[in-house]
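Here is what each chain is made of, one letter per residue.
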Amino acid sequence: MIRGRSIRSKLVRAVMATTLVALLVSVAIIIFYDLRSYHRSLLNDLATQAELVGHMTSAALTFDDPRLANENLALLRTRPQVRAAAIYDANGELFASYRAAGETRVLPQTLSGAPSTNGDDLVILQRIVENGDTLGTVYLRAENRLLQRTLDYLSIAALVTLLAMGVAYLVMRRMGRALTAPIVAITEIARDVVATRDYSRRAPRISNDEAGELVDSFNAMLLEIEGRTRELETSSSEIAREVAERSRAQQEVMRLNEQLEQRVDERTLQLALANAELANAIEEARSANQAKSAFLSSMSHELRTPLNAILGFAQILTSDTLPSTLEQKKEFANHILKSGRHLLTLINEILDLAKVESGTVTLSMEPVALSDTLMETRTMVEPIAAARGVRVLFPETPGAVVLADRTRLKQVLLNLLSNAVKYNRESGAVVVSCEQVAPTRLRLSVQDTGAGLSAEQVAALFQPFNRLGQEGGSQEGTGIGLVVTKRLVELMGGEIGVSSSPGVGSVFWIELATTAPLAAPAADSAPGDTPDVQTVPEDGAPHLILYVEDNPANLRLVEEIVRFRADLRLLSALDGHVGLSLARAHLPEIILMDLNLPGMSGIEVLKQLRADPATSPIPVIALTANAMPRDIERGMAAGFTRYLTKPIDIDKFTEAINSTLAQLRAQAGAGHMAPAERKAE
């Protein structure tokens, strides 16, 4: 602690420490001697007082006169340090007693119970002897003021010590400057010389003692160093000049060598990189070829399986040599319908996988309210779950917003939820949970109560066409959905994972980045600006529907569907131009529109319908084979009332027609004019 201080400070501290030790030792000896003397004098005084009391009360003990003894003890009032006194007879019984004013402690009745000396009291026991006989005992208890006297002495000693230390400090501070001035001067000169390399500096001689001789020796040393430094600088400059010349020559040689080595290394590295790239390209091509072969083999198997059922049962139905009953025909038709739907799902998932793997899929990243997306998926999953008796529990997620593609996020959630329902046990449960795992990350988990997966099955979970041993099970599947789901989650900047316990169930989770929600969009128009829409005729005539379709088979299918309903009448057009003419001429209540039309696309036809005041309020339902999620999103944004995809699901087709007619009926009740009424006017 003292090493970093100046010599003046060290000197002051040393003197102050010596002074303090000397004062403490002296004061301690004086206090000890005085306290010892005080204690002895107090004991002697009490002993003399006890002896006097004994002589005075001997007659009272002889004649058994306690009153006289008490009067003798009362004379102790002149000694305030005596707090209590007592006379005990020869048997040790209390004969007479005295207690000073304010003394509350009771004297013992027998001598054997009398307390001895302690920290607060000083006790004297003196025998009363008369003619060799012991008449009794004098008991004196005085206040022991030794502790108070010690504290007084310590207070005085502390004040004396502080005063002495202050005086010593002031004196030493003044004397220290004179003693350390020569050494300080040498130190400052030495510090400047080290910092500036100026050996011409000299220290001043302040005194004629040893410190002055030290200054002379220091100046002589500086003079010697100055001379030798000049000689060294002269020789060093010559050596430096020679070294510089040799260094330049050596650097030139090294530069040429480095250039040569660098060129050799560059050529070697280029050759190694080219060989490595070639090897990697060969290996990637081999792996890609093997993966392609495996994928095509699996895809061929998956496509041929439903096609086998479709073509087989279709041959039975069309064969004259294989007659079948009506029930069998219904069963065969159901097999064809089931296999066709499975084939459609497989084709859609293969197209999704192809777009994801090729990098052509486009995402529209935006803030997505999680509650809305979960509500949409809930309405789609709950009917499937109810059919199997599976309960689906959704969380409350108010205010949760993630950064994702709205359509793709719904596709991911539907895949996870449908798998959880499909591979669950009867009367099982699916629990959807949401938790904030990081300040900017949100985790959505889908937990089921199915059979669970082993560690080997989890490792092979995200491989195309790998159904983990469910190929022969009762549940249909393609083995592609989870692969597409994983790619979509990663493209949205998220993560996907799974944990599973055989016999307990599985938990699939995805993590996405959170973000702030977008401001609610303003209304485009006032309620009074809503265009007039047509209503259902009230004269009992069939509802008129216009179908714009260029494919005869698709047109025939819709005609057959409408033929079974007496409340519908169908008009058809093979291209967009004819469809526009028929729409303007007949003002149908609903228009069914294919998108891929010759000459004019379905979206262009829709724009012209909306531009014409006569046809703008007619609801237009898209009926197309463009079934990708982005196509559906663009179609709804273009203004289609509904968007139906091919192959046609008759139930969905019927529901779309009925719901649209119901909306027209409700709007008609609000007083809007029907197309037939406008045409009559």
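Predicted, not measured: the structure shown is a model, and the values here were computed from it.

Visitor: What should I look at first to understand the overall build of the protein in this one?
Guide: Each helix and strand in the protein was counted, giving 15 helices and 16 strands. A fraction of 67% describes how many contacts in the protein between residues 6 or more apart in sequence connect residues 24 or more apart. Counting every atom, the protein has about 40600 Å² of accessible surface; 57% of that belongs to carbon and sulfur.

Visitor: What should I look at first to understand unusual backbone geometry in this one?
Guide: A cis geometry characterises the amide bond from Lys646 onward to Pro647, with omega recorded as -5°. One can find Pro647 in the loop between β16 (642-645) and α14 (650-669). Even without being glycine, Asp64 reaches a positive phi, approximately 55°. Looking at where Asp64 falls in the secondary structure, it is placed in the loop between α1 (7-62) and α2 (66-74).

Visitor: Explain the pattern of salt bridges to me, please; I cannot follow it from the model alone.
Guide: Opposite charge on two side chains allows them to pair when their charged atoms are near. The final tally for this structure, using the stated rule, is 19 salt bridges. Linking Lys646 and Glu549 is a salt bridge whose minimum nitrogen-to-oxygen distance equals 2.6 Å. One end of the pair, Lys646, is in the loop between β16 and α14; the other, Glu549, is in the loop between β12 (543-548) and α10 (552-563), and 97 residues separate them in sequence. No difference in accessibility class separates Lys646 from Glu549, as the two residues are buried. Among the ionic contacts, a cluster of salt bridges with common partners joins Arg441, Arg443 and Glu511.

Visitor: Quick question: what am I supposed to make of the sheet that holds strand β11 (residues 505-513) here?
Guide: One open sheet holds the 5 strands; their spatial order is β6-β8-β9-β11-β10, and the pairing between them is mixed. The sheet is open, and its two edges are formed by β6 (391-393) and β10 (495-501), each paired on a single side. Adjacent strand axes in the sheet meet at a mean angle of 20°, parallel and antiparallel pairs treated alike. As paired elements, strand β8 (residues 429-438) and strand β9 (residues 441-448) share 8 bridges and run antiparallel to each other. Note on β9: the bridge partner recorded for Cys434 is Leu444. Across the sheet, helix α7 (residues 406-422) is in contact with β6, β8, β9 and β11; its angle to β11 comes to roughly 170°. Helix α9 (residues 481-491) contacts β10 and β11 of the sheet and is inclined by roughly 135° relative to β10.

Visitor: Please explain the sheet that holds β16 as it appears in this structure.
Guide: Hydrogen bonds along the backbone pair up the strands of a sheet, which may run parallel or antiparallel. Taken in spatial order, the 5 strands make up an open sheet running β13-β12-β14-β15-β16, and their pairing is parallel. Strands with a single pairing partner mark the edges of an open sheet, and in this sheet they are β13 (568-573) and β16. Each strand axis lies, on average, 20° off the axis of its neighbour in the sheet, ignoring direction. Pairing of strand β15 (residues 620-624) with β16 involves 4 bridges; the strand directions are parallel. Residue pairing across strands places Thr624 opposite Thr645, the latter belonging to β16. Of the strands in this sheet, β12, β13 and β14 (590-593) are in contact with helix α11 (residues 576-586), which crosses β12 at around 165°. On the sheet, helix α12 (residues 602-611) packs against β14 and β15 and is oriented at approximately 155° with respect to β14.

Visitor: What's the story with the confidence of the model for the protein in this structure? I'm lost.
Guide: In low-pLDDT regions, the fine details of the predicted coordinates are not to be read closely. Of the residues in the protein, 84% have a pLDDT of 70 or more, and the chain-wide mean is 80. Every residue in residues 518-538 is under pLDDT 50, and counting partners more than four places away or in other chains gives 34 contacts. Within the model, pLDDT remains below 50 along residues 676-681, and this stretch shows 9 contacts once partners closer than five positions in the same chain are excluded.

Visitor: Looking at this structure, I do not really get the packing of aromatic side chains. What am I missing?
Guide: Under the definition given, this model contains 0 aromatic pairs. Positioned above the aromatic ring of Phe564, the side-chain terminus of Arg563 is 4.9 Å from the ring centre.

Visitor: Would you explain a negative patch on the surface in this entry?
Guide: Together, Glu258, Glu261, Asp265 and Glu266 line one region of the surface with negative charge. Tracing the chain through its elements places Glu266 in helix α4 (residues 210-318). Take Glu266: its relative accessible area is 38%, and that puts it in the partly exposed class.

Visitor: Explanation requested: the packing of α7 against α9 in the structure shown.
Guide: To describe two helices that pack against each other, one gives the angle between their axes and the distance between the axes. The contact between α7 and α9 brings their axes to 10 Å, and the two run at 145°. Crossing geometry of α7 relative to α9 is assigned as left-handed. The residues of α9 that touch α7, namely those facing Arg408, Gln411, Val412, Asn415, Leu416 and Asn419, are Gly481, Leu482, Val484, Thr485, Leu488 and Val489. Its residues assigned to classes, the contact of α7 with α9 comprises 6 nonpolar, 5 polar and 1 charged.

Visitor: I'm lost on the packing of α11 against α12 in this one. Help?
Guide: Close contact between α11 and α12 brings their axes to 10 Å; oriented N to C, the two are set at 25°. Classed by the angle they form, the pair α11 and α12 counts as roughly parallel. Here the hand of the crossing between α11 and α12 comes out right-handed. Contacts between α11 and α12 pair Gly576, Leu580, Ala583 and Arg584 from the former with Val605, Gln608 and Leu609 from the latter. Here the contact of α11 with α12 is composed, by residue class, of 4 nonpolar, 2 polar and 1 charged.

Visitor: Where do I start with helix α13 (residues 629-638) in this structure?
Guide: Along an α-helix, a turn takes 3.6 residues, which lines up residues three or four apart on a common side. For α13, the full list of buried residues reads Pro629, Arg630, Asp631 and Gly635. Count one or two residues on from α13 and you reach Gly639, which has phi positive near 120°.

Visitor: Mind showing me how you'd approach the environment of Arg228 here?
Guide: Its place among the elements puts Arg228 in helix α4. Relative accessible area serves as the criterion here: at 54%, Arg228 is assigned to the exposed category.

Calculation rules
- Residues numbered from 1 in each chain as written.
- Predicted model: local features only at pLDDT ≥ 70, side-chain atom pairs only at ≥ 80, totals over all residues.
- Heavy atoms only, no water.
- Helix = DSSP H or I, 4+ residues; strand = E, 2+ residues; numbered from the N terminus.
- Contact = heavy atoms within 4.5 Å.
- Areas by Shrake-Rupley, 256 points an atom, 1.4 Å probe, with all protein chains shown as cover.
- Salt bridge = Lys/Arg side-chain N within 4 Å of Asp/Glu carboxyl O.
- Buried < 20%, exposed > 50% of the residue type's maximum accessible area, 1.4 Å probe, protein only.
- Pairing = 2+ DSSP bridges.
- Axes fitted to C-alpha atoms, helices over the stretch in contact; angles between N-to-C directions.
- pLDDT = per-residue confidence, 0-100.
- Phe/Tyr/Trp six-rings, centres within 6.5 Å; stacked < 30°, edge-to-face > 60°.
- Lys NZ or Arg CZ within 6 Å of the ring centre and 35° of its normal.
- Patch = residues over 30% accessible without salt bridge, like charges linked within 9 Å, V, L, I, M, F, W, Y side chains within 5 Å.
- Lys, Arg positive; Asp, Glu negative; His and termini not counted.
- Charge placed at Lys NZ, Arg CZ, Asp CG, Glu CD.
- Left-handed = near helix turned anticlockwise from the far one by under 90°.
- Nonpolar A, V, L, I, M, F, W, Y, C, P; charged D, E, K, R; others polar.
- Parallel < 35°, antiparallel > 145°, perpendicular 65-115°, else oblique.

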